[in-house]
Amino acid sequence: MKHLKLIFGLLLVVVIFSGFWSGKTKKEIREENRLERVNRIMTNNETLQLLYKYAPEAKNMILGSYGYATFTNIGVNLVLLSAEGGKGMAHNNRTGVNTYMNMASGGLGLGLGVKDFRAVFLFEDKKTYDTFVNSGWEANAQADAAAKYEETGGAINAAETVAPGIRLYKMTQNGLALQATVQGTKYWKDEELNKN
């Protein structure tokens, strides 16, 4: 009987710390999600202002697009390994609806350094936007170099077409980051944050 209680107690601890039970009420989780959505909207606005500062022509491109998405990303390259993680949101210019999203990647390639960057995707039409938001999107290859923008420490790459109907602006925050990697980057909808 003593062993049964010990086993039951250990199983309970494992369940609690494994994520099945977070210890938070539904109300606390809803409030955390609300605050995260507010944070992502603020980050989206900051990213757009940074983009307009370095590429003023982007404002008209964004207003003329069906929708856009902004992401903040942290990438780390350690000689042969690279990893990225980030979060963001997509905005439908026609309906005004925001969709909260995540991104991640990893791969092999030659590089060294930490790269803090922001990405802004522009979508030409409804089909392209809906596919990106609802089905996610994966970029399989990347080769880039980012250098300082004048003396301010920022850098920007002009918008480039990365897939039919999708253009991308990338801006760095921490200056020089050279890399030549082949990596899979996946963007997907954050189901928890998109709940009402």
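This text goes with the structure placed above it.
Conventions adopted
Residues numbered from 1 in each chain as written. Predicted model: local features only at pLDDT ≥ 70, side-chain atom pairs only at ≥ 80, totals over all residues. Heavy atoms only, no water. Helix = DSSP H or I, 4+ residues; strand = E, 2+ residues; numbered from the N terminus. Buried < 20%, exposed > 50% of the residue type's maximum accessible area, 1.4 Å probe, protein only. Contact = heavy atoms within 4.5 Å. Areas by Shrake-Rupley, 256 points an atom, 1.4 Å probe, with all protein chains shown as cover. Core = buried A, V, L, I, M, F, W, Y, C linked by side-chain atoms within 4.5 Å. Phe/Tyr/Trp six-rings, centres within 6.5 Å; stacked < 30°, edge-to-face > 60°. Salt bridge = Lys/Arg side-chain N within 4 Å of Asp/Glu carboxyl O. Expected span 1.5 Å × (residues − 1). Arc of directions from axis to C-beta.

A. Examining the overall build of the protein chain more closely. The helix and strand inventory of the protein chain stands at four helices and seven strands. Put simply, the protein chain runs from its N terminus to its C terminus through helices and strands in the order α-α-α-β-β-α-β-β-β-β-β. Per-residue burial over the protein chain gives 39% buried out of 196 residues. Across the protein chain, every contact between residues at least 6 apart in sequence was considered, and the portion connecting residues at least 24 apart equals 74%. Of the roughly 11,700 Å² of accessible surface on the protein chain, a fraction of 62% belongs to carbon and sulfur atoms.

B. Spatial organisation of the nonpolar core. Grouped together as the largest cluster of nonpolar side chains are 17 residues, with contacts concentrated most on Phe71, Phe121, Phe132 and Tyr187. At the level of elements, β1 (67-92), β2 (98-123), α4 (126-135) and β6 (166-172) are the ones that each hand at least two residues to this core. Among the elements that take part in this core, β2 stands out by supplying five residues, more than any other. Those residues in contact with phenylalanine 132 that lie beyond four places of it in its chain are Ala69, Phe71, Met101, Phe121, Phe123, Trp137 and Tyr187. Of all hydrophobic cores here, the second largest spans 13 residues; its members include Leu51, Tyr54, Tyr68 and Leu122.

C. Region of interest: the packing of aromatic side chains. This structure, assessed with the given rule, holds ten aromatic pairs. Taken together, a centroid distance of 6.4 Å and an interplanar angle of 15° make the contact between phenylalanine 121 and phenylalanine 123 stacked. An identical accessibility class is assigned to phenylalanine 121 and phenylalanine 123; each is buried. Ring geometry for phenylalanine 121 versus phenylalanine 132: centroids 5.3 Å apart, planes at 45°, classification tilted. Note that phenylalanine 121 is positioned in strand β2 and phenylalanine 132 in helix α4, a separation of eleven residues in sequence. The pair phenylalanine 121 / phenylalanine 132 is uniform in exposure class, with both members buried. Clustering of aromatic rings is evident, with ring pairs tying together Tyr66, Phe71, Phe121, Phe123, Tyr129, Phe132 and Tyr187.

D. Fine view of the pattern of salt bridges. Scanning the model with the defined rule gives seven salt bridges in all. Of the charged contacts, one joins arginine 40 and glutamate 36 as a salt bridge, the two residues approaching to 2.8 Å between their closest N and O atoms. Taken together, the residues span about one helical turn, with arginine 40 and glutamate 36 both in helix α2 (residues 26-54) at a distance of four residues. We classify arginine 40 as buried; its relative accessible area is 7%. Put simply, arginine 40 and aspartate 190 hold a salt bridge, and the shortest N to O gap is 3.7 Å. On the criterion of sequence distance, the pair formed by arginine 40 in helix α2 and aspartate 190 in the segment after β7 (177-189) is long-range, its members being 150 residues apart. Aspartate 190 carries the same exposure label as arginine 40, and that label is buried. Sharing partners across several salt bridges, the network here consists of Glu36, Arg40, Lys87 and Asp190.

E. Main features of α2. The first and last C-alpha atoms of α2 sit 42 Å apart over 29 residues, in line with the 42 Å expected at 1.5 Å per residue. Inspection of α2 places Asn33, Arg37, Arg40, Asn44, Thr47, Leu48, Leu50, Leu51, Tyr52 and Tyr54 among the buried residues, and these make up the whole buried set.

F. Up close: the environment of threonine 185. With respect to the helices, strands and loops of the structure, threonine 185 is situated in strand β7. Separated by 80 residues in sequence, threonine 185 and serine 105 place their C-alpha atoms 4.3 Å apart.

G. Representation of α4 in the model. Within α4, the full set of buried residues consists of Thr128, Tyr129, Phe132 and Val133. One side of α4 holds all its buried residues, which, seen down the axis, span an arc of 120°. Opposite the packed face of α4, turned more than 90 degrees from it, sit the exposed residues Lys127, Asn134 and Ser135. Note on α4: the residue one or two positions beyond its end, glycine 136, has a positive phi of about 80°.

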